[in-house]
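Understanding the architecture of this molecule
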Amino acid sequence: MAGFQQPPEEEMEAFNETVDEYEDRYDDGFDDGYDDGFDELKDGDGSTDTSPEEAEAIRRKRIRMAFNAGNLAGIITGTVLILVLVALLLSMINFLQTDISRNFSLLQTKF
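Notes on the structure follow. Within every chain, residues take consecutive numbers counted from 1 along the sequence as written. This being a predicted model, a pLDDT of at least 70 is required before a residue's local features are given, and a value of 80 or more before pairs of side-chain atoms are given or counted; all residues contribute to the totals for chains, interfaces and linings. Side-chain figures throughout are based on the complete set of non-hydrogen atoms in the structure, without hydrogens or water.

**Brief notes about a negative patch on the surface**
Note the cut-off: Within this analysis, patches are made of residues with over 30% relative accessible area and no salt bridge. Like charges are joined at 9 Å or less; nonpolar side chains (Val, Leu, Ile, Met, Phe, Trp, Tyr) at 5 Å or less. Only the protein chains shown count as cover for residues, and the accessible areas themselves come from Shrake-Rupley with a 1.4 Å probe. The salt bridge definition used is simple: a Lys or Arg side-chain nitrogen within 4 Å of an Asp or Glu carboxyl oxygen. In this count, Lys and Arg are taken as positive residues and Asp and Glu as negative ones, while His and the chain termini are left out. The atom standing in for a charge is NZ when the residue is Lys, CZ when it is Arg, CG when it is Asp and CD when it is Glu. Strands here are runs of E lasting at least two residues and helices are runs of H or I lasting at least four, both read from the DSSP assignment and numbered beginning at the N terminus.
Taken together, the side chains of Glu9, Glu10, Glu11, Glu13, Glu17 and Glu21 define an acidic patch exposed on the protein surface. Structurally, glutamate 21 can be placed in helix 1 (residues 9-25).

This is the structure in structure tokens:
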């Protein structure tokens, strides 16, 4: 399916720059010391042993996965919406067929 293909590298770089600009613009500084439970960034004693580049790569991977989950939800919602609209269209066609046949039968009985 086309919705699940990996985007080109240029688009990923542009996406990562957009995420960085958004974070820089809306950073309130309240989450600087916050422990958000990223266990793979910590050793058994609770100290972080990963480099900042690795931590950044893990963060970007999680953001990308969250966006992909949003894309999946959008695809599912769109598919359901299309099925509902097709059902409404078929219902309308059925209604028109029965209405036209009733009207012609009424015209035939009066004349």
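**Looking at the pattern of salt bridges**
Put simply, the test is: When accessible area is computed with a 1.4 Å probe and restricted to protein chains, residues below 20% of their type maximum are described as buried, those above 50% as exposed, and intermediate ones as partly exposed.
Going through the model one piece at a time under the given rule, you end up with 2 salt bridges. Two residues, glutamate 56 and arginine 59, come together in a salt bridge whose shortest N-O distance is 2.2 Å. Here glutamate 56 and its partner arginine 59 are both found in helix 2 (residues 52-110), 3 residues apart, which amounts to about one turn of the helix. The exposure class of glutamate 56 is partly exposed, given its relative accessible area of 29%. Take arginine 59: its relative accessible area is 21%, and that puts it in the partly exposed class. For arginine 60, the salt bridge is made with glutamate 56, and the minimal N-O distance between the two is 3.3 Å. Of this pair, arginine 60 and glutamate 56 both sit in helix 2, 4 residues apart, roughly one helical turn. Linked through salt bridges whose partners overlap, the residues forming this network are Glu56, Arg59 and Arg60.

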